[in-house]
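# Coordinates in review
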Amino acid sequence: MNTSRTDTTSEEPILLEQTVSTIRGILEELHVPATLHEPLFEGNEWKYLKDCIDSGWVSSVGSYVDRIEQMLAAYTGAGRAVAVVNGTAALFIGLKLAGVEPGDEVLIPALTFVATANAVTYCGATPHFVDSEDATLGMDPVKLGRYLNEIADSDNGETRNRLTGARIRAVIPMHTFGHPVDMDPLVELCSRWGLTIVEDAAESLGSFYKGRHTGTFGRIGILSFNGNKTVTTGGGGALLLNDEAEARYAKHLTTTARRPHKWEFFHDMLGYNFRMPNLNAALGCAQLERLPSFLERKRRLAERYAEAFKDSPGVRLMKEPPGSHSNYWLNALILNEAVAPQRDALLEATNAGGIMTRPVWTLMHRLPMYESCPRMDLSVAESLERRIVNIPSSVSRSGS
Ligand SMILES: *Cc1c(COP(=O)(O)O)cnc(C)c1O
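Residues numbered from 1 in each chain as written. Predicted model: local features only at pLDDT ≥ 70, side-chain atom pairs only at ≥ 80, totals over all residues. Heavy atoms only, no water.

Assigned domains of the protein: these are domain 1 (5–40 + 291–391) and domain 2 (45–289). Each of domain 1 and domain 2 has a C-alpha centre, and the two are 26 Å apart. The interface of domain 1 with domain 2 comprises 44 residues on the first partner and 51 residues on the second. Buried area between domain 1 and domain 2, summed over both chains or domains, comes out near 3,900 Å², and the portion from carbon and sulfur atoms is 66%. Of all residues in domain 1, Leu291, Trp361 and Met376 bury the most surface against domain 2, accounting for 20% of the area lost on that side. Counting the contacts that link domain 1 with domain 2 gives two salt bridges. Note that lysine 143 is salt-bridged to aspartate 377, the shortest N-O span being 2.6 Å. Within the side of domain 1 that touches domain 2, the residues separate by chemical class into 28 nonpolar, nine polar and seven charged. (Domains from an automatic or database assignment. Contact = heavy atoms within 4.5 Å. Buried area = accessible area lost by both parts, 1.4 Å probe. Salt bridge = Lys/Arg side-chain N within 4 Å of Asp/Glu carboxyl O. Nonpolar A, V, L, I, M, F, W, Y, C, P; charged D, E, K, R; others polar.)

Running from N to C, helix α1 (residues 16–30) and helix α11 (residues 343–352) point in directions that differ by 50°, and their axes come no closer than 9 Å. The orientation of α1 with respect to α11, classified from their angle, is oblique. Here α1 and α11 pass one another in a crossing that is right-handed. For the pair formed by α1 and α11, the contact residues are Leu16, Thr19, Val20 and Ile23 on the first element and Ala345, Leu346, Ala349 and Thr350 on the second. Per-class residue counts for the contact of α1 with α11 are six nonpolar, two polar and no charged. (Axes fitted to C-alpha atoms, helices over the stretch in contact; angles between N-to-C directions. Helix = DSSP H or I, 4+ residues; strand = E, 2+ residues; numbered from the N terminus. Parallel < 35°, antiparallel > 145°, perpendicular 65-115°, else oblique. Left-handed = near helix turned anticlockwise from the far one by under 90°.)

Counted under the stated rule, the structure contains 27 salt bridges. The closest approach of N and O atoms between glutamate 244 and arginine 80, which form a salt bridge, is 2.8 Å. Placement of glutamate 244 in helix α8 (residues 244–253) and of arginine 80 in strand β1 (residues 80–84) is noted, with a sequence separation of 164 residues between them. In this structure glutamate 244 comes out as partly exposed when scored by relative accessible area, which is 41%. Classification of arginine 80 as partly exposed rests on a relative accessible area of 22%. Measuring nitrogen to oxygen at the nearest pair gives 3.5 Å for the salt bridge that ties glutamate 307 to lysine 310. Residue lysine 310 is classed as exposed on the basis of its relative accessible area of 53%. One salt-bridge network, held together by shared partners, links Glu101, Asp104, Glu158, Arg160 and Arg167. (Buried < 20%, exposed > 50% of the residue type's maximum accessible area, 1.4 Å probe, protein only.)

Turning to the packing of helix α6 (residues 141–151) against helix α7 (residues 183–193), a few remarks are in order. The interhelical angle for the contact between α6 and α7, taken along N-to-C directions, is 20°, at an axis separation of 9 Å. By the angle class used here, α6 and α7 are roughly parallel. Helix-helix and strand crossings are classified by hand; for α6 and α7 the assignment is left-handed. Residues Pro141, Leu144, Gly145, Leu148 and Asn149 of α6 form the contact with α7, whose own contacting residues are Pro185, Leu186, Leu189 and Trp193.

On to helix α4 (residues 87–97), then. Within α4, nine of the 11 residues are buried, leaving the element largely enclosed by the surrounding structure. By the burial criterion, the buried members of α4 are Gly87, Ala89, Ala90, Leu91, Phe92, Ile93, Gly94, Leu95 and Leu97. By the N-cap criterion, in which a side-chain oxygen at the helix start approaches the backbone nitrogen of a residue two or three places on, α4 is capped by asparagine 86, the distance to threonine 88 being 3.1 Å. One or two positions beyond α4, positive phi appears at glycine 99, with a value near 85°. (Polar contact = N/O pair within 3.5 Å; in protein donor to acceptor, adjacent residues only side chain to side chain.)

A few words on the pairing of strand β11 (residues 237–241). Within β11, five of the five residues are buried, which leaves the element mostly enclosed by the surrounding structure. Of the two faces of β11, both are covered, the one formed by Gly237, Leu239 and Leu241 as well as the one formed by Ala238 and Leu240. Here β1 pairs with β11 via five bridges, running antiparallel. Considered in β11, the bridge of arginine 80 is made with leucine 241. Of the pairings in the sheet, the one linking strand β10 (residues 220–224) to β11 comprises five bridges and is antiparallel in character. The residue bridging leucine 223 from the neighbouring strand is alanine 238, located in β11. (Pairing = 2+ DSSP bridges.)

This is the structure we're talking about:
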């Protein structure tokens, strides 16, 4: 039965059945799984894993860790990369490097995965929520600038929240679904206020802003290699750093702060066992070799979606912001406010039709542990929360 309507009023319902069949057609045509994002192993994964097992180097020592760090530094243009157990641990260490201390506040988007907020909390600091921009889905630097003028004081090179008295130490821009935040005005704003940027580039390996890789704009950036990300190590993450001494310190902190010695166990500070195991790094090296091909195929899928939805009433595909080159990690349909009330019907129809779709994360200030955290007006993030539907985005199984 076809329940679609053809009039074009602004309240026109989304053509549910048509949307399901459009997505299904594209997935079949490009050989893309109907799940949100699943990994693809088509390169040297088996070979490198076998090498780890045959050599016995599976854990905290082995050459693949060095290799993945070199590959990441070379690809992103960061001076150095330090591989760790996951992206959340990388964020936590990144905030420590930025000097975040208990009682501090850290500005983060309300629209993010919970790891961004949790890493702040692990430091004993408080997340302070910032609104998003429609064009990028990320932090809005202009609105943040206006807000800081209202609520913050700059004294002795430190920024204080006048309302809470807390020091605001750092800012975590997050590149949502791989679409870069508008970094130029944000970098300028942060230098004016003396705030350290810790970039959450967990979703944006392969995404560039004005030709520069995301995660390399501040002193510190982080990546994630979770199973649902563009490149996976099973579980893993990395810090991107531009300073050699800072990288050495990050390595020290994430490897139990053990002083190098032939046999002695001497740890000169409180360290963490956050090193990426060699087995995971081996998988990641094989995956990174495939990254250019993955990105090409992800872009082709995004282009097909954009084309298919370009005349759809009430719905558009999120596309890369001007001046940016996105990895299209997760494709997102953005509904007009007028059809936002039908988001759940769209989720129902697609999932019932065997096509995995999901709403965006619940905004951070709605989660019980973050309800009372400081925040600015979040009207854009709140609107986006009602209007985003993520659709299947894995790398196409055909093509090279
Ligand atoms: C995936 C992700 C992380 C880190 O996740 P891990 O699973 O710990 O690797 C952090 N922030 C964002 C926005 C993410 O999407």
